[in-house]
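Chain by chain, the residues:
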Amino acid sequence: MLIRRPTDIPASEITPRELYLNRRQMMAGAAGLVLAAGSAKGIMAAPLSAAKSPLSATDEKLTSLEDVTHYNNYYEFGVDKTAPAAHAHTLKTSPWTVKVDGLVAKPAEYAVEDLIKNSALEERIYRMRCVEGWSMVIPWVGFPLADLIKRVEPQGSAKYVAFETVYRPPEMPGQQSAFPVLEWPYVEGLRLDEAMHPLTILAVGLYGETLPNQNGAPIRLVVPWKYGFKGIKSITRISFVEKQPATSWNLQAPDEYGFYANVNPDVDHPRWSQKTERRIGEGGLFVKRRPTLPFNGYGEQVAQLYSGMDLRKFY
Amino acid sequence: MAGQASAQGAKRGFALPQVPKIAIYIVGFIPAVLLFYLGVTNQLGADPMRYLEQALGLWALRFLIATLTISPLRQIFNINLLRYRRAIGLLTFYYAALHLLTYLVLDQGLDFEAIWADIVKRPYITVGMATFLVLVPLAVTSNNVSIRRLGGQAWARLHRLVYFAAIGAAVHFLMVVKSWPPEPMVYAAIVTSLLGYRLVRSLIRKIVPKRRAA
């Protein structure tokens, strides 16, 4: 049975606009560049309060908000890295619901506001390694995917979790293309144990505010030990299934992008090495490559998920 | 042949105001100077090295395409820019060399082990390197002394290698990107039509022998 949960009125509509803006300005004053960045993003980002997490990578220098929000792969808005920042404002992210269905005892459709309100938000500073050989350090705001999974009570037969991005060609120019770069909508998937892992989160914000559209607003997946393309954006559906679900890049080029897509310096992409990476914002034109770590440096926490598996075969 | 064509072209060519050839080089190097300036002053976005690397490669391909449009322009539209072809061809080589240098020095940090692994293991790098190697003899012989020493016919035959360079460059661009985005496909289509034009023209000439100009 599908339980439709009532959509709450977003806080921004209850709080008088003046007050709301004042509060933002106060926060912006504290953060320095938040307001400037907010206007640069061209959208009204709302502040989110989040607890610090022991799972954060605290020894890493954060990639600047400017770079995090202006160097994106989000092919629904174009293939250039700067295209999402330029075009993503057309996506309407409110109202927004996420349908959770499939092999679960309690299927539901959640309004994003409710998910935000009913979750203990945490700040998670994670390294993000793109399959193209560059990386960032991003302070996400979100909650463990496991929290949501427990709420819907998966059945014993549920082995995988399938995710789907919104399909709205009028609001996403890349989906209108006569020669689509990928099959739309974008789909991704995780094994249930990967989805349940405490490092796996659904992010609803970054740098203390709600997600900018180009970063996958209003809700996206972040799996820090996998290549960035696993982090599906603007999610509208999460399904629990028995068989390994199809994933977009794997459908596009199965020999280049596997289902697992764990960061692995020893398994090259067929067209480039994965041994090293360039950290965005580090060194400018004269950036030095740094070695890529197995599981993006999260091996201690996640390697046991894959014990006994040949990671060259299951790339 | 080139000399002959040039004399012929000059005779029937559309009268364009002539600019000194040095102007082609000066204008041609503006993108490179601008890119380096923006790169050093950190104005090339979040990933300046990658931007510079890709932009230089793209300009090399653009100049290569420009080189290949000189003949059709003259043959179809009677616009004669032949006297600038060498300059544009050499700009192709200079941009390809800068693109390669950016890859070797800024991208790979002269890590020759990684570079060698790239060349033998990554088809797009293999194709890119081969394309550059094809351009080298063309650049080295782009002077009057070489034309005289090789003889017009042999020189022209050698310079037909530019067709392979064009194919190599277009394929290199197609292979480096993920999936099939439009930009490299547009460039590949332009190269295909410029080479296709030559193929069709030479086939027609084989069937209908060319009438020599008196």
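Rules used throughout
- Residues numbered from 1 in each chain as written.
- Chains lettered and ligands numbered in written order.
- Predicted model: local features only at pLDDT ≥ 70, side-chain atom pairs only at ≥ 80, totals over all residues.
- Heavy atoms only, no water.
- UniProt positions renumbered as here; feature names shortened; annotations may be inferred.
- Phe/Tyr/Trp six-rings, centres within 6.5 Å; stacked < 30°, edge-to-face > 60°.
- Buried < 20%, exposed > 50% of the residue type's maximum accessible area, 1.4 Å probe, protein only.
- Lys NZ or Arg CZ within 6 Å of the ring centre and 35° of its normal.
- Axes fitted to C-alpha atoms, helices over the stretch in contact; angles between N-to-C directions.
- Helix = DSSP H or I, 4+ residues; strand = E, 2+ residues; numbered from the N terminus.
- Parallel < 35°, antiparallel > 145°, perpendicular 65-115°, else oblique.
- Left-handed = near helix turned anticlockwise from the far one by under 90°.
- Contact = heavy atoms within 4.5 Å.
- Nonpolar A, V, L, I, M, F, W, Y, C, P; charged D, E, K, R; others polar.

- Per an unreviewed UniProt entry, chain B goes by Protein-methionine-sulfoxide reductase heme-binding subunit MsrQ and derives from Microvirga alba.
- Under the UniProt heading Sequence similarities (unreviewed entry), the entry covering chain B gives this text: "Belongs to the MsrQ family."
- Here chain B is described in UniProt, under the heading Subunit (unreviewed entry), as follows: "Heterodimer of a catalytic subunit (MsrP) and a heme-binding subunit (MsrQ)."

- In the annotation of an unreviewed UniProt entry, chain A is listed under the name Protein-methionine-sulfoxide reductase catalytic subunit MsrP and assigned to Microvirga alba.
- The UniProt entry for chain A carries the following text under Sequence similarities (unreviewed entry): "Belongs to the MsrP family."
- What UniProt states about chain A under its Subunit (unreviewed entry) heading is, verbatim, "Heterodimer of a catalytic subunit (MsrP) and a heme-binding subunit (MsrQ)."

Re the packing of aromatic side chains
No. 1: For the coordinates displayed, the defined rule picks out 18 aromatic pairs over all chains.
No. 2: Relative to A:Y260, the ring of A:F259 has its centre 5.3 Å away and its plane inclined at 90 degrees; by these criteria the two rings are edge-to-face.
No. 3: Exposure remark for A:Y260: the relative accessible area of 6% places this residue in the buried category.
No. 4: The rings of B:F29, B:W59, B:F63, B:F93, B:Y94, B:Y95 and B:F132 are connected pair by pair, giving a single aromatic cluster.
No. 5: The ring of A:F259 carries the charged tip of A:K230 above its face, separated from the ring centre by 4.4 Å.

A word on the packing of helix α2 (residues 21-28) of chain B against helix α5 (residues 85-107) of chain B
All names here are of chain B.
No. 1: In contact at an axis separation of 9 Å, α2 and α5 are set at 30 degrees when each is read in the N-to-C sense. Comparing their axes, α5 and α2 come out roughly parallel. Judged by the twist between their axes, the crossing of α2 over α5 is right-handed. Between α2 and α5, the residues in contact are I24, Y25 and G28 and R86, A87, I88, L90, L91, Y94 and Y95, respectively.
No. 2: Counted by class, the contact of α2 with α5 contains 8 nonpolar, 1 polar and 1 charged residues.

Some points on the packing of helix α10 (residues 161-176) of chain B against helix α11 (residues 182-207) of chain B
All names here are of chain B.
No. 1: Where α10 meets α11, the axes come as close as 9 Å, and the angle between the chain directions of the two elements is 160 degrees. Classed by the angle they form, the pair α10 and α11 counts as roughly antiparallel. Crossing angle aside, the handedness with which α10 passes α11 is left-handed. Counting all contacts with α10, which are made through Y163, A166, I167, A170, F173 and L174, the residues of α11 involved are E183, P184, M185, Y187, A188, V191, L195 and R198.
No. 2: Broken down by class, the residue content of the contact of α10 with α11 amounts to 12 nonpolar, no polar and 2 charged.

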